[in-house]
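# Geometric and topological summary
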Number of protein chains: 2
Amino acid sequence: MQKPSIPKGTRDFGPVEMTRRTYIFDTIREVFRLHGFLPLETPAMENLSTLTGKYGEEGDRLLFRIQNSGEQADKPAEKGLRYDLTVPFARYVVQHQSEIVFPFRRYQIQPVWRADRPQKGRYREFYQCDVDVIGSRSLLNEAELVQMVASVFSRLGIRVTLKLNNRKLLAGIAEVIGHADRMTDITVAIDKLDKIGAQAVAAELIERGITPQAVERLQPILALSGTTAEKLAALRGILASSATGLAGIEEMESIFAYVHALGVELDVELDLSLARGLNYYTGAIFEVKAKDWEIGSICGGGRYDDLTGIFGMPDTSGVGISFGADRIYDVMLGLGLFPSEGSMSTRVMFVNFGGAEELFALRQLAVLRQAGIAAEIYPESAKIKKQMEYAGRRGIPFVAMAGSDEIAAGKITLKDMRTGEQRMVTTEEMATQACVIPNT
Amino acid sequence: MQKPSIPKGTRDFGPVEMTRRTYIFDTIREVFRLHGFLPLETPAMENLSTLTGKYGEEGDRLLFRIQNSGEQADKPAEKGLRYDLTVPFARYVVQHQSEIVFPFRRYQIQPVWRADRPQKGRYREFYQCDVDVIGSRSLLNEAELVQMVASVFSRLGIRVTLKLNNRKLLAGIAEVIGHADRMTDITVAIDKLDKIGAQAVAAELIERGITPQAVERLQPILALSGTTAEKLAALRGILASSATGLAGIEEMESIFAYVHALGVELDVELDLSLARGLNYYTGAIFEVKAKDWEIGSICGGGRYDDLTGIFGMPDTSGVGISFGADRIYDVMLGLGLFPSEGSMSTRVMFVNFGGAEELFALRQLAVLRQAGIAAEIYPESAKIKKQMEYAGRRGIPFVAMAGSDEIAAGKITLKDMRTGEQRMVTTEEMATQACVIPNT
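These numbers were taken from a predicted model, which means no experiment stands behind them.

### Considering the sheet that holds strand E8 (residues 267-270) of chain A
Residues and elements named next belong to chain A.
- Judged by pairing direction, the sheet is mixed, and its eight strands sit side by side in the order E1-E5-E6-E11-E10-E9-E7-E8 without closing on themselves. At either end of the open sheet lies a strand with only one pairing partner, and these are strand E1 (38-39) and E8.
- With 10 bridges connecting them, strand E5 (residues 104-113) and strand E6 (residues 125-134) associate as antiparallel partners. Within E6, the position partnered with Val112 by the bridge is Phe126.
- Packing of helix H1 (residues 15-34) onto the sheet brings it into contact with E5, E6 and strand E11 (318-323), and relative to E6 it is tilted by some 5°.

Spelled out as structure tokens, the structure:
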């Protein structure tokens, strides 16, 4: 019989990966909760009519379609798997608008599916962690998202830089150089600034039909330097003739003022080359990168003024960000930031000697678990070597042994598997201090 | 434009439901963790060859099939959505047998999909919570599962009865009444004992071709009464001629002895009418019912000796149970057992007065969150009435107000939304005691 396998582009998450992933998700979820965000889950399947036309032609092609069941099997598919969490969120808000209390602060942590060609770091099933406020135009929301980014990555131990830009600034730039209708081309080109340099960007713009004069007028903007405050001050001059551009400057100044007032401990900087692909952003745009690990953006998002318009509910502004769990995982693994396995799963294993010793151990287990310590007993009185090997391979940091001597003394021999040291302790000591290991 | 909707048989879980569901899942997960079980997640899609033929003809029909993408779209589907967590678990164990440390204690909490006709309480997407030990024949595993059942339901506040039976007892009974080959018919009939009574069961058995003499011989078994110990003692006589039956009795005696020694505070009883549909159980069978709410089984499972045999890995015994999250949810809702919403999500909302007051409030928020208290500020300085309405509709129990007087005094006016009482407190008091509400 052939060994079974799973579809390409999908993954099993075994215990070690799951324990680490759970650590990431729990950390993010706790920050969301502390900031008053509420959980939402939507079904894996959506009606195809909800999904198609929302992600462009490419997206439509990458939707996983589900065969109709029973007699409808030959008819065109009516359902598809969720492609992201944003469209289902918009659908939910429109469908439940009468029950929802606005401003609606929701988070959603669920897998999505894309029929992409599988490759390194790209999967057909992966989790998204989205957090949004919808129904409020206040820029305090943007600042709170920045604060949450700082809090999540500080808890995870990842040093990051948060880059901020604003679609209104980009629109203002397109306007003042005389190509208001070509904002997308211009932002795509600016986005490449880091990768291909100013000269190549200029060449590309001209190739795309932007006039040389306009490209010339773009130069001082591409060359802006200094602090964020200095850049914004310079932009105020450059964008003086664009109402949209000036609105963008004011938004950015407010957001930076809030972030400063909040005392957010995070490198936050204005980056005009930040464009992000998604067309629905209308205000601030965020992107977070790890300082000490090269991997691209690990978190990003922005303000959108008409997300729910696609489902017939206009004028509902929102802002949100999404944490990239897979990349955060890779960064943490690469930098050795995960707590040791032993501190996250079973802390103590009792050797099973059978008979009265087994019953004694079972009673100690109950005390440890009561104290919140994950503990287990090897399920049969196998050879001690075998039991110790199990504990070793599982990465269990402490092994407890209680034979007749220990039972008579009301104590337990506790072996620290990392140092090999053994000592006698009471159950009480085990539950309160002997098995404690510092989180890395 | 038509309001968007979701496919029939699927559900959105809004904030209130999600907060409650998360409470259930977190409780179950914490008990799993304390007992040394490790998390596993498998992909939503499995190869169809993994899924088909595992759930009977009916099951095959109820599998959701996924259309191939791209050029393969017209060819027969190759992938299907997970139908339960058991088959993917078996597939995982076989596929990863060389890396797994046995005995393998794993839990898995994920949704499954079935193309069932949607009806009240039956959905096309629902979560399963499975916990299994595989690679150990020790009956201590059964006892630990019983202990975990007790712990989960005690933490959730649900009073339950756990019924235990054993496939070997049922096989022994079939053997001694002379119909060893008809165990399934006999157990199906016994299973109906509670619903249709002994007489109708006898009639049904005769209709199914069981001889009247055999049905007669079954009577003392159906009529067994007394304590579990008394029943087992009586069965020892009745099943004296069946080696399998006697093995079943010994297993049950061991399990009950362990449960007794563990001091499990739970009503655990032998129930010979418990058969459960799944054919792969070979030893103990479990079923849990709520005492105070009529809804059928809310948890169940059993011992299987050949789960992985379907994938070519024989002789690997395991035992596991599954918690029914949807029914547990209904029981808790029906009995009013969920903690109050306010104790699970945002505890305090600051009224937003704008300007310096807003900044003052933002600093207090940071302190509360640092102390683990979920807190938020209304994102704009809207009319107070509107802000209070938001807090009321959200079920936020405390509203904090800090105007210039409060700021001067370094205090905050805290309003208890349930009683209407207002008092002045320090941030410190808020973080440590003023916002504490007892669970339930």
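### Concerning helix H4 (residues 86-95) of chain A
- Buried residues dominate H4(A), accounting for 10 of its 10 residues.
- For H4(A), the complete set of buried residues consists of Thr86(A), Val87(A), Pro88(A), Phe89(A), Ala90(A), Arg91(A), Tyr92(A), Val93(A), Val94(A) and Gln95(A).
- On its buried face, H4(A) is in contact with strand E2 (45-47), helix H2 (48-51), E5, E6 and strand E10 (297-304) of chain A together with helix H1 (15-34) of chain B.

### Quick notes on the environment of Gly354(B)
- Checked against the element boundaries, Gly354(B) lands in the loop between strand E12 (348-350) and helix H14 (355-370).
- Distance from Gly354(B) to Ala431(B), taken between C-alpha atoms, is 23 Å for residues 77 residues apart in sequence.

### Some details on the interface of chain B and chain A
- With 93 residues of chain B at the interface, the matching set in chain A holds 93 residues.
- Carbon and sulfur atoms make up 58% of the surface buried where chain B meets chain A, a total of about 8,000 Å² over both sides.
- Summed over the three residues of chain B that lose the most area to chain A, namely Pro4(B), Glu41(B) and Arg369(B), the buried surface amounts to 8% of that side.
- The shortest N-O distance in the salt bridge between Asp26(A) and Arg29(B) comes to 3.1 Å.
- It is H1(B) that provides the largest number of residues to the side of chain B that touches chain A, a total of eight residues.
- Taken together, the residues that form the side of chain B that touches chain A break down as 44 nonpolar, 26 polar and 23 charged.

### Observations concerning the sheet that holds strand E13 (residues 375-377) of chain A
Residue and element names in this part refer to chain A.
- In space, the five strands of this open sheet follow the order E13-E12-E14-E15-E16, with mixed pairing throughout. One side of each edge strand has no neighbouring strand; the edge strands of this open sheet are E13 and strand E16 (422-425). In this sheet, adjacent strand axes meet at a mean angle of 25° when their direction is disregarded.
- Sheet analysis places strand E12 (residues 348-350) next to strand E14 (residues 398-401), joined by three bridges and oriented parallel.

### So, the side chain of Asp130(B)
All names here are of chain B.
- With respect to the element layout, Asp130 can be found in strand E6 (residues 125-134).
- No salt bridge is formed by the buried Asp130; its nearest oppositely charged neighbour, Arg106, is found at 4.4 Å.
- In terms of polar contacts, Asp130 uses its side chain to reach the side chain of Ser322, at 2.7 Å.
- If we ignore the near neighbours within four places in the chain, the residues touching Asp130 are Phe32, Leu85, Thr86, Arg106, Tyr107, Gln108, Ile321 and Ser322.

Reading guide: rules and limits
- Residues numbered from 1 in each chain as written.
- Chains lettered and ligands numbered in written order.
- Predicted model: local features only at pLDDT ≥ 70, side-chain atom pairs only at ≥ 80, totals over all residues.
- Heavy atoms only, no water.
- Pairing = 2+ DSSP bridges.
- Helix = DSSP H or I, 4+ residues; strand = E, 2+ residues; numbered from the N terminus.
- Contact = heavy atoms within 4.5 Å.
- Axes fitted to C-alpha atoms, helices over the stretch in contact; angles between N-to-C directions.
- Buried < 20%, exposed > 50% of the residue type's maximum accessible area, 1.4 Å probe, protein only.
- Buried area = accessible area lost by both parts, 1.4 Å probe.
- Salt bridge = Lys/Arg side-chain N within 4 Å of Asp/Glu carboxyl O.
- Nonpolar A, V, L, I, M, F, W, Y, C, P; charged D, E, K, R; others polar.
- Lys, Arg positive; Asp, Glu negative; His and termini not counted.
- Polar contact = N/O pair within 3.5 Å; in protein donor to acceptor, adjacent residues only side chain to side chain.

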